[in-house]
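Chain by chain, the residues run as shown.
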Amino acid sequence: MLAQVLEAGHTLALPRCGKAPNMIFHAVSSLAELVPGAYGIPEPKADAPAVAPEEFSLVLVPLEGVDGAGHRLGKGCGYYDNLLTKTNCLSVGIALSWQECDSVPVEEQDRPLDAVADAEGIRIFRDIL
């Protein structure tokens, strides 16, 4: 999916994890530029151009669980909760069908996702058009 974003000519910004809950997103022009980072996850080099969350049109959000209202359960460090408070872009969770559940714990700072995508398709939680 990331390669297709680049092939289509869009800007691809990927995170570098700092001290929780902060991530800095950097533009990449090739997936070959990525280096092993926090938690062994490939990430951009530190000197790659930074991209501010206010510039995002879409953010793909990892999750551990998601309910029918778009509330997500993350890993508990707050990286994506923090990010979603800084942008008004479309937020789409990336899930496996077994990660969808009846409910997840919701806290005051949590922002529900706009949609979730899994192997079955995309489920939209709010009017996004």
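Here, the structure is the one placed above.
So, here is what we can say about the structure in this document. Starting from 1, residues in each chain are numbered consecutively following that chain's sequence as written. For this predicted model, a pLDDT threshold of at least 70 governs which residues receive local features, and a threshold of 80 or more governs which side-chain atom pairs are given and counted, while totals over whole chains, interfaces and linings are taken from all residues. Note that water and hydrogens are dropped before the side-chain values are worked out from all heavy atoms of the structure.

## Describing the side chain of Asn82
Note the following rule: Secondary structure counts use DSSP, requiring at least four H or I residues in a row for a helix and at least two E residues in a row for a strand, with both numbered from the N terminus. Pairing of N or O atoms within 3.5 Å defines a polar contact, subject to two protein rules: one partner must be a possible hydrogen donor and the other a possible acceptor, and residues neighboring in sequence count only if both atoms are side-chain atoms. In what follows, residue pairs with any heavy atoms lying within 4.5 Å of each other are defined as contacts.
For Asn82, the position within the fold is in helix α2 (residues 79-84). A distance of 3.0 Å separates a polar atom in the side chain of Asn82 from the backbone oxygen of Pro21. Setting aside residues no more than four positions away along its own chain, Asn82 makes contact with Pro21 and Asn22.

## Focus: a nonpolar patch on the surface
Heads up, the condition is: Each patch is built from residues lacking any salt bridge and having more than 30% relative accessible area; the joining distance is 9 Å for like charges and 5 Å for nonpolar side chains (Val, Leu, Ile, Met, Phe, Trp, Tyr). With residues, only the protein chains shown are counted as cover, and all accessible areas are computed by Shrake-Rupley using a 1.4 Å probe. Any carboxyl oxygen of Asp or Glu within 4 Å of a side-chain nitrogen of Lys or Arg constitutes a salt bridge here.
There is a patch of nonpolar side chains on the surface, built from Met1, Leu2, Leu31, Leu58, Leu60 and Ile94 and spanning about 480 Å² of accessible area. Within the secondary structure, Leu2 sits in helix α1 (residues 2-7).

## As for the nonpolar core
Nonpolar side chains in soluble globular proteins tend to be buried together. How we decide: Nonpolar core, defined: a set of buried Ala, Val, Leu, Ile, Met, Phe, Trp, Tyr and Cys residues in which side-chain atoms within 4.5 Å join the residues together. Each residue's exposure class comes from its accessible area (1.4 Å probe, protein chains only) as a fraction of the maximum for that residue type: buried when under 20%, exposed when over 50%, partly exposed otherwise.
Of all hydrophobic cores here, the largest spans 19 residues; its most connected members are Phe56, Val59, Tyr80 and Leu83. Of all the secondary structure elements, the ones that give two or more residues to this core are β2 (23-28), β6 (58-62) and α2. The element that contributes the greatest number of residues to this core is α2, accounting for four residues.

## Some points on the sheet that holds strand β5 (residues 50-51)
The cut-off we apply is this: Pairing between strands is defined by DSSP: at least two bridges between them are needed.
Strand order in the open sheet formed by three strands is β1-β2-β5, and the pairing between neighbours is antiparallel. With one partner strand each, in any of the chains shown, β1 (12-17) and β5 form the two edges of the open sheet. The sheet contact formed by β1 and β2 spans six bridges and is antiparallel. Bridged to Pro15 within β2 is Phe25.

## Re the environment of Leu34
Among the structural elements, Leu34 can be located in the loop between β2 and β3 (35-36). Between the alpha carbons of Leu34 and Arg123 there is a distance of 30 Å; along the sequence they are 89 residues apart. Not counting chain neighbours up to four residues away, the residues in contact with Leu34 comprise Leu14, Val28, Pro42, Glu43 and Pro44.

## Re the sheet that holds β6
Rules: Geometry is summarised by axes, namely lines fitted to C-alpha atoms with helices restricted to the contacting stretch, and by angles between N-to-C directions that run from 0 to 180 degrees.
Taken together, four strands build an open sheet; the order of strands is β6-β9-β10-β11 and the sheet is mixed. The open sheet terminates on both sides in strands that have one partner only, identified here as β6 and β11 (121-124). Each strand axis lies, on average, 25° off the axis of its neighbour in the sheet, ignoring direction. Bridge count for β6 against strand β9 (residues 90-94) is five bridges, and the pairing is parallel. Residue pairing for β9: Pro62 is matched across the bridge by Ile94.

## Structural notes on the state of the cysteines
Selection criterion: Only a pair of cysteine sulfur atoms within 2.5 Å counts as a disulfide in this structure description.
According to the stated counting rule, one finds zero disulfides in the structure shown. Cysteine Cys17 remains unbridged, with the sulfur of Cys77 as its closest cysteine sulfur at 8.5 Å. Judged by relative accessible area, Cys17 falls into the partly exposed class, the value being 29%. Since its relative accessible area comes to 36%, Cys77 is described here as partly exposed.

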